[in-house]
Amino acid sequence: MEVIYLGHSGFLLKWQHCDWLFDYYEGTLPRGDGQKPLFVFVSHKHQDHFNPEIFSIQGYREIHYILSHDTKRQVQKLFPAVPVHFLRAGESLRLPVTGTDAGLRIRTLRSTDCGVAFLVTWQGKTIYHAGDLNWWVWKGESKQYNNNMTANFLKYTEPLKGQELFAAFLPLDPRQEEWYSKGMLHILETARVSYAFPMHFWKDFSVIGRFLDSPEGKPYQSTVVRLTREGQRICCQQAGDQTDSHSCTDD
């Protein structure tokens, strides 16, 4: 699997038989060669996770749109003719992959902010994209708010406990100051993650190095991908193996 970082929380995952696009907001839209299907995921309606330009993608054999239910009103108003699978939290969906005997198994988790998080299983590997499901505690909020947030985050991520995740896309937001890594760290500690991709860091790439150089982050230096630029490509080949030789060549 090849992962291309598009920006913010947006990633393109390229498999042999299909491509997946998560939470496109900015960067270069993918263009297919007419051979593979594309599966487009949108975790929620916030502008930094949902860009309507996804409905103008070209070059793919077919495109399947899997969007959080909170985008439905906007999508049906602007693109009434486009078939879309709208999912609420706690729902599941199976979609065939043209040209193969298998299909995608898609499950959603409830977010601590808006919309859903995605768990997608394909060819024996499970991919987790958190969307805005994160441990959003803030200095400026009340103790009650932060306590409720903590309880909700732990409850909503309970299905990830012990889960084997080939790749996990997790918020690492520097705006939370000293609490910036709480959500990511919890997932790394409770799930079995082969590749962890930081996201939602608002172009502050330094926060990734800050985490990996911290006492709590050092144990995960072989797990967390050190993103350095938009358009960066990572080849995820073998669980837990991230040598420089697995970095894909940029176009």
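Structural data are supplied above this passage.
Everything numeric in this text was worked out from a predicted model, so none of it was measured.

Caption draft 1: Structural context of the overall build of the protein chain. Regarding its fold elements, the protein chain presents four helices and 13 strands. The proportion of buried residues among the 251 residues of the protein chain is 54%. At a minimum sequence separation of 6, the contacts of the protein chain that also span at least 24 residues come to 57%. Of the roughly 11,600 Å² of accessible surface on the protein chain, 45% is carried by carbon and sulfur atoms. In the protein chain, 27 side chains carry a positive charge and 28 a negative one; their mean positions are 6 Å apart.

Caption draft 2: Broad picture of the sheet that holds strand β5 (residues 62-68). One open sheet accounts for seven strands, arranged β6-β5-β4-β3-β2-β1-β13; its pairing is mixed. Two strands close off the open sheet at either side, each with one partner strand: β6 (84-87) and β13 (233-235). Adjacent strand axes in the sheet meet at a mean angle of 20°, parallel and antiparallel pairs treated alike. The pairing of β5 with β6 spans four bridges and is classified as parallel. The residue of β6 that forms the bridge with Leu67 is Phe86.

Caption draft 3: Structural detail: the packing of aromatic side chains. Following the criterion strictly, the structure yields 19 aromatic pairs and no others. When the centroid spacing of 5.8 Å and the interplanar angle of 70° are considered together, the rings of Phe11 and Phe197 count as edge-to-face. Residue Phe11 is located in strand β2 (residues 10-14), and its partner Phe197 is located in strand β12 (residues 192-199); the two are separated by 186 residues in the primary sequence. Residue Phe11 shares its accessibility class with Phe197, and that shared class is buried. Seen from their ring centres, Phe55 and Tyr65 are 4.6 Å apart, and the 40° between their planes marks the pair as tilted. Remark: Tyr65 occurs in strand β5 and Phe55 occurs in the loop between β4 (37-42) and β5; sequence separation between them is ten residues. Of the two residues, Phe55 and Tyr65, neither departs from the other in class, the shared state being buried. Through a chain of ring-to-ring contacts, the aromatic side chains of Tyr5, Phe11, Trp15, Trp20, Phe22, Phe41, Phe118, Phe169, Phe197, Phe201 and Phe205 assemble into a single cluster. Geometry around Phe166 places Lys125 over its ring, the cationic atom sitting 5.2 Å from the centre. Across from the ring centre of Trp135, 4.0 Å away, lies the NZ or CZ of Lys182, which sits over that ring.

Analysis parameters
- Residues numbered from 1 in each chain as written.
- Predicted model: local features only at pLDDT ≥ 70, side-chain atom pairs only at ≥ 80, totals over all residues.
- Heavy atoms only, no water.
- Helix = DSSP H or I, 4+ residues; strand = E, 2+ residues; numbered from the N terminus.
- Buried < 20%, exposed > 50% of the residue type's maximum accessible area, 1.4 Å probe, protein only.
- Contact = heavy atoms within 4.5 Å.
- Areas by Shrake-Rupley, 256 points an atom, 1.4 Å probe, with all protein chains shown as cover.
- Lys, Arg positive; Asp, Glu negative; His and termini not counted.
- Charge placed at Lys NZ, Arg CZ, Asp CG, Glu CD.
- Pairing = 2+ DSSP bridges.
- Axes fitted to C-alpha atoms, helices over the stretch in contact; angles between N-to-C directions.
- Phe/Tyr/Trp six-rings, centres within 6.5 Å; stacked < 30°, edge-to-face > 60°.
- Lys NZ or Arg CZ within 6 Å of the ring centre and 35° of its normal.

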